[in-house]
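# Architecture at a glance
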Amino acid sequence: MRDYVDVSNCAKLTGWSKEQLVAGYTPAMEKQVYEELKLCKKQARRVYEILRLGATNMNNSSEYKQYRLLVKNRLNAPHQKDVNYQKRLNKVLKPEEMKTFSCLDTEQQRKDKLHSEYKELEKAYLKVIERVKNYPFEN
């Protein structure tokens, strides 16, 4: 519900046109949404991603790939810490000692997790976009 209201409100802002969404997320967009709607950075970014998906032609492979990379880069940030930790361990430990750290994901496991996280997020975003199209919000 919150996403629906925030997306509807942000879509009406002058700094959130389709052209500006495709150009990328800027500090000016974040500032405007904070000053006018009092949205925190995390929610503003989420709303941006939802509106950007709505402005993205999913049939255009390069446009859709740009969008996917944008979201996956944000989703991958927490996992990057684990990757860096694993690289440091590889330098210090022997291969047989590394086997004891089985809790660390392999590269393929990390990619699979990232892909499933992205698909879940995209499904939720598409649901919000569909609601906004079918039931315009008037405040």
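Residues numbered from 1 in each chain as written. Predicted model: local features only at pLDDT ≥ 70, side-chain atom pairs only at ≥ 80, totals over all residues. Heavy atoms only, no water.

The name given to the protein in an unreviewed UniProt entry is Histone acetyltransferase type B catalytic subunit, with the source organism recorded as Diaphorina citri.

## Focus on the packing of helix α4 (residues 41–55) against helix α5 (residues 61–92)
Following both chains from N to C, one finds α4 and α5 inclined at 165°, their axes separated by 10 Å at the closest point. Here α4 is positioned roughly antiparallel relative to α5, judged by the angle of their axes. Of the two elements, α4 crosses α5, and the hand of that crossing is left-handed. On α5, the residues touching Arg45, Tyr48, Glu49, Arg52, Leu53 and Ala55 of α4 are Glu63, Gln66, Tyr67, Leu70, Val71 and Arg74. Counted by class, the contact of α4 with α5 contains 6 nonpolar, 1 polar and 5 charged residues. (Axes fitted to C-alpha atoms, helices over the stretch in contact; angles between N-to-C directions. Helix = DSSP H or I, 4+ residues; strand = E, 2+ residues; numbered from the N terminus. Parallel < 35°, antiparallel > 145°, perpendicular 65-115°, else oblique. Left-handed = near helix turned anticlockwise from the far one by under 90°. Contact = heavy atoms within 4.5 Å. Nonpolar A, V, L, I, M, F, W, Y, C, P; charged D, E, K, R; others polar.)

## Considering the nonpolar core
Among the nonpolar cores identified, the biggest contains 26 residues, and Cys10, Trp16, Leu21, Val33, Val47 and Leu51 are the most heavily contacted of them. The set of elements that each furnish at least two residues to this core consists of α1 (2–11), α3 (27–37), α4, α5 and α7 (107–134). Looking at this core, the element that brings in the most residues is α4, giving 7 residues. Setting aside chain neighbours within four positions, we find Trp16 in contact with Cys10, Leu21, Tyr25, Met29, Gln32, Val33, Ala44, Val47, Tyr48 and Leu51. (Core = buried A, V, L, I, M, F, W, Y, C linked by side-chain atoms within 4.5 Å. Buried < 20%, exposed > 50% of the residue type's maximum accessible area, 1.4 Å probe, protein only.)

## Considering α7
One full turn of an α-helix is made of 3.6 residues, so residues set three or four places apart face in the same direction. An ideal rise of 1.5 Å per residue puts 40 Å on 28 residues; α7 measures up with 41 Å between its terminal C-alpha atoms. For α7, every residue scored as buried is listed here: Arg110, Leu114, Tyr118, Leu121, Glu122, Tyr125, Val128 and Ile129. In this structure, the buried side of α7 is in contact with α1, α4 and α5. (Expected span 1.5 Å × (residues − 1).)

## Things to note about the pattern of salt bridges
Under the definition given, this model contains 6 salt bridges. Ionic pairing is found between Glu35 and Lys31, a salt bridge with its closest N-O pair at 4.0 Å. A residue pair is termed a helical-turn pair when its members lie 3 or 4 positions apart in one helix, as Glu35 and Lys31 do in helix α3 at 4 residues. Linked by salt bridges that have partners in common, Arg45, Glu49 and Arg74 make up one network. (Salt bridge = Lys/Arg side-chain N within 4 Å of Asp/Glu carboxyl O.)

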